[in-house]
Amino acid sequence: TTLFRSLQLGISLNKEISVASTPNAILELKDKGATHVLLATLPPITSDVLKAAKKSGYSPIWLGLSESWNKSMSGPNGLSKDILAGYRRVSGAPYLGEKLEGMDRFLAAWKKYGVDLGEPSDESLRSFIQGVLAVDALANALDQNDATRSGYRHALSKVAPFDALG
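No experiment lies behind these values; they were computed from the predicted model shown.

### Some words on the pairing of strand β3 (residues 36-40)
The two faces of β3 differ: V37 and L39 on one face are buried, but H36, L38 and A40 on the other face are not. Sheet topology note: the β3/strand β4 (residues 61-65) ladder contains four bridges and is parallel. Looking at β4, one finds that V37 is bridged to W62. Handedness of the β-α-β unit built from β3, helix α2 (residues 43-56) and β4 comes out right-handed.

### Points about the nonpolar core
Ranked by size, the top nonpolar core spans 18 residues in total, and within it I26, V37, L50, Y58, W62 and Y87 carry the most contacts. Residue assignment for this core shows that the elements contributing at least two residues are α1 (22-32), β3, α2 and α3 (81-84). Element by element, the count of residues in this core is highest for α2, at five residues. What Y87 contacts, discounting residues up to four positions off in sequence, is L39, T46, L50, W62, G64, L65, S68 and W69. Of all hydrophobic cores here, the second largest spans five residues; its members include M103, F106, W110 and I129.

### What to know about the packing of helix α4 (residues 103-114) against helix α5 (residues 122-143)
Viewed as axis vectors pointing N to C, α4 and α5 meet at an angle of 105°, and their least axial separation amounts to 11 Å. Here α4 is positioned roughly perpendicular relative to α5, judged by the angle of their axes. On α5, the residues that touch M103, R105, F106, A109 and W110 of α4 are S124, L125, F128 and V132. Its residues placed into classes, the contact of α4 with α5 shows seven nonpolar, one polar and one charged.

### Some details on the confidence of the model for the protein chain
Confidence in the prediction of the protein chain, expressed as mean pLDDT, is 80, and 84% of residues score 70 or more. Of the regions scoring below 50 in pLDDT, residues 6-11 engages in 16 contacts with residues more than four places distant in sequence or in other chains.

### Some details on the side chain of T41
Following the sequence through the fold, T41 ends up in the loop between β3 and α2. Accessibility expressed as a relative area gives 5% for T41, which makes it buried. At 2.4 Å, the side chain of T41 forms a polar contact with the side chain of T46.

### What to know about the side chain of T46
With respect to the helices and strands, the residue T46 is situated in helix α2. Residue classification places T46 among the buried positions, given a relative accessible area of 0%.

Conventions and cut-offs
- Residues numbered from 1 in each chain as written.
- Predicted model: local features only at pLDDT ≥ 70, side-chain atom pairs only at ≥ 80, totals over all residues.
- Heavy atoms only, no water.
- Buried < 20%, exposed > 50% of the residue type's maximum accessible area, 1.4 Å probe, protein only.
- Helix = DSSP H or I, 4+ residues; strand = E, 2+ residues; numbered from the N terminus.
- Pairing = 2+ DSSP bridges.
- Right-handed = clockwise from strand over helix to strand, strands pointing away.
- Core = buried A, V, L, I, M, F, W, Y, C linked by side-chain atoms within 4.5 Å.
- Contact = heavy atoms within 4.5 Å.
- Axes fitted to C-alpha atoms, helices over the stretch in contact; angles between N-to-C directions.
- Parallel < 35°, antiparallel > 145°, perpendicular 65-115°, else oblique.
- Nonpolar A, V, L, I, M, F, W, Y, C, P; charged D, E, K, R; others polar.
- pLDDT = per-residue confidence, 0-100.
- Polar contact = N/O pair within 3.5 Å; in protein donor to acceptor, adjacent residues only side chain to side chain.

The following block contains the structure:
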């Protein structure tokens, strides 16, 4: 099942649906006048929802949580730009290409060490961020001469400034 949450002034509609009932849920949202819909779906379901909405002529702003998206949904084999036009990914996590401090550092590291792995991705960016944090924490633990688990955990809490921008 999939959870839709439709938000509009005066409208609150929680809808848990199956894939088979997606077209009916789309029509219900359209009939209720929902202008924004929060998707807590996995990528294949998100694709089905966006296609069904396009087919029915319904075009709200789709707010897709992080897990509702993956890069296969765009590009030459993905969804067309007109289907994706109203889709907005909402996430506290940074995404590839976002204009953030540290993006140039990630892309330079990818060019130097990751090019043989293919194209960088949101997942590789998040792994890089976790790696930078882990190395900084270990350096702090070693500076304190305490590379034990508790020493590392304490050092991790002292890494600053570090907020992953999320």
